[in-house]
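Coordinates in review
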Amino acid sequence: MELVPGNTLITATPQEGRELALAMARKSVGAIQPDAEMRQALRPGYAGSADSLTMAAQVVAIEFATIAAANDYWR
């Protein structure tokens, strides 16, 4: 399973970095819970939870911070 698409954190722009962060977060969820039916069954429980959505956004933010650092903050 490829958890880092393209096997690199280097991106041309912050927008591409943000997209990569989202992709990595989604792939992490898939790696943690590989059963697609179970993920679908669990979705209603967190889709309406502000706390769960905030935690998911935090995961993406952490991934993005890592990518930004790897790209020297696109300087």
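Just above, that's the structure.
No experiment lies behind these values; they were computed from the predicted model shown.

A separate point is the environment of Leu20. Inspection of the secondary structure assignment puts Leu20 in helix α1 (residues 14-32). Between the C-alpha atoms of Leu20 and Ile10, which are 10 residues apart in sequence, the distance is 9.4 Å. Sequence-distant contacts of Leu20, defined by excluding residues within four places in its chain, comprise Pro5, Thr8, Leu9, Thr11 and Ile67.

A separate point is the packing of α1 against helix α3 (residues 50-70). Each pair of packed helices can be summarised by the angle the axes make with each other and by the distance between the axes. At a minimum axis separation of 8 Å, α1 and α3 run at an interaxial angle of 130°. Viewed along their axes, α1 and α3 adopt a mutual orientation that is oblique. By crossing handedness, the relation of α1 to α3 is classed as right-handed. Between α1 and α3, the contacting residues are Pro14, Gly17, Arg18, Leu20, Ala21, Leu22, Met24, Ala25 and Ser28 on the first element and Val59, Val60, Glu63, Phe64 and Ile67 on the second. Of the residues assigned to the contact of α1 with α3, the class counts are 10 nonpolar, 2 polar and 2 charged.

This paragraph deals with the packing of aromatic side chains. Tallied over the full model, the rule gives 1 aromatic pair. In this structure, Arg18 packs its charged tip against the face of Phe64, placed 6.0 Å from the ring centre.

We now examine α3. If you check α3, its first and last C-alpha atoms are 30 Å apart, about what 21 residues at 1.5 Å a residue would give, namely 30 Å. Along α3, the positions that sit buried rather than exposed are Val60, Glu63, Ile67 and Ala68. The buried residues of α3 occupy an angular sector of 140° when projected down its axis, which confines them to one face. Residues of α3 that are exposed and angled more than 90 degrees away from the buried face: Ala50, Asp51, Thr54 and Ile62. Backbone geometry just after α3 places Asp72 at a positive phi near 50°.

Thresholds applied
- Residues numbered from 1 in each chain as written.
- Predicted model: local features only at pLDDT ≥ 70, side-chain atom pairs only at ≥ 80, totals over all residues.
- Heavy atoms only, no water.
- Helix = DSSP H or I, 4+ residues; strand = E, 2+ residues; numbered from the N terminus.
- Contact = heavy atoms within 4.5 Å.
- Axes fitted to C-alpha atoms, helices over the stretch in contact; angles between N-to-C directions.
- Parallel < 35°, antiparallel > 145°, perpendicular 65-115°, else oblique.
- Left-handed = near helix turned anticlockwise from the far one by under 90°.
- Nonpolar A, V, L, I, M, F, W, Y, C, P; charged D, E, K, R; others polar.
- Phe/Tyr/Trp six-rings, centres within 6.5 Å; stacked < 30°, edge-to-face > 60°.
- Lys NZ or Arg CZ within 6 Å of the ring centre and 35° of its normal.
- Expected span 1.5 Å × (residues − 1).
- Buried < 20%, exposed > 50% of the residue type's maximum accessible area, 1.4 Å probe, protein only.
- Arc of directions from axis to C-beta.

Bear in mind that shape data such as this cannot, by itself, settle questions of function.
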